[in-house]
Amino acid sequence: GSTEVSLGCGKGCEACSEVNGCIKCLPRLFILLERNDIRQIGVCLQSCPPGFYGDRSREINKCTKCRVTNCENCFSRNFCTKCNDGFYLHKGVCYSTCPEGFIAANGTMECSSEQCEMSEWGSWSHCSRPAKQCWKKKGTQVRSRKVLKAPLGEASLCPVTKERRKCTVLQTPCPKVVTGKPKKENQGKEKKNRNRNKEEGGNKKRKNQQRVTSMPITPSLPAK
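Residues numbered from 1 in each chain as written. Predicted model: local features only at pLDDT ≥ 70, side-chain atom pairs only at ≥ 80, totals over all residues. Heavy atoms only, no water.

As recorded in an unreviewed UniProt entry, the protein goes by R-spondin Fu-CRD domain-containing protein and comes from Staurois parvus. The protein has a UniProt comment under Subcellular location (unreviewed entry) that states "Secreted". What UniProt states about the protein under its Sequence similarities (unreviewed entry) heading is, verbatim, "Belongs to the R-spondin family." (UniProt positions renumbered as here; feature names shortened; annotations may be inferred.)

Written out as structure tokens, the structure is:
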């Protein structure tokens, strides 16, 4: 049919025809093709109706029908965001019942994994630190819990079973570790002490020798 731009076009329509209605909408509006017997009539909308999603492009913005069965609203052709009444939504698909291992989340019509059942947290352990870090003031405490029930028997899908936190360790001196090196140092000290004693002994002998004075020898007089 012929295309004309006039006041006779519907609301939001920029160009229309007598046969097919609107063929071009104003910017930011979506065109929806409604079937009327064997014809498709174009109408302009601000948002697409249920069962359709807005598909924007440089040439035209149009409402495209969802391809997911039993879908009321969709994000794209093959990803549903809301199912029809009586159907459950799971990963963009509509099911009559949730798949195995999944349940309706909080009474809604959306499926989620079964919730894990966890035991209560145990008490915190005493504050400890590695033996190599005995000089540090900060240590670590640990507490744990158990997985009582896991979805599909996979405990890895459940929350953590251990928690750690920082703590302050009571000040205790590091243990003295005797190794081969200190022994050598002690041997060196003993050797130095022996040498020092020898030197002191030699000095004493020399001092004693200096203290001994020689007496003068007087010659004997001849007998008269």
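Still to come is the rest of the account.
K.L.:
Break down unusual backbone geometry for me, with residues and values.
P.N.:
Of note in this structure, R28 is not a glycine but carries a positive phi near 75°. Relative to the elements of secondary structure, R28 occurs in the loop between β3 (21-25) and β4 (30-36). Judged by relative accessible area, which is 65%, R28 ranks as exposed. Although it is not a glycine, N70 adopts a positive phi angle of roughly 60°. Its location among the elements puts N70 in the loop between β7 (62-65) and β8 (71-76). (Helix = DSSP H or I, 4+ residues; strand = E, 2+ residues; numbered from the N terminus. Buried < 20%, exposed > 50% of the residue type's maximum accessible area, 1.4 Å probe, protein only.)

K.L.:
Provide a residue-level description of the nonpolar core, including the pertinent values.
P.N.:
In terms of nonpolar packing, the biggest core is built from nine residues, these being Y53, C66, V68, C71, C74, C80, C83, L89 and C94. At the level of secondary structure, the elements contributing two or more residues to this core comprise β8 and β9 (79-83). Sequence-distant contacts of Y53, that is, excluding residues within four places in its chain, are made with C48, K62, C63, T64, K65, C74, F75, S76 and R77. Counting residues in each nonpolar core, the second largest holds eight residues, with C13, C16, C25 and L29 among its members. (Core = buried A, V, L, I, M, F, W, Y, C linked by side-chain atoms within 4.5 Å. Contact = heavy atoms within 4.5 Å.)

K.L.:
Could you give me a rundown of the state of the cysteines, with the residues and numbers involved?
P.N.:
In this structure the tally under the stated criterion is eight disulfides. The partner cysteine of C66 in its disulfide is C74, sulfur to sulfur 1.8 Å. Between C66 and C74 the disulfide shows an S-S torsion of about -85°. By sign, it is left-handed. Of the two residues, C66 and C74, neither departs from the other in class, the shared state being buried. Residue C71 pairs covalently with C80 via a disulfide, S to S 2.1 Å. Disulfide C71-C80: the torsion about the S-S bond is 95°, which places it as right-handed. The pair formed by C71 and C80 is uniform in burial state, with each residue classed as buried. (Disulfide = S-S within 2.5 Å.)

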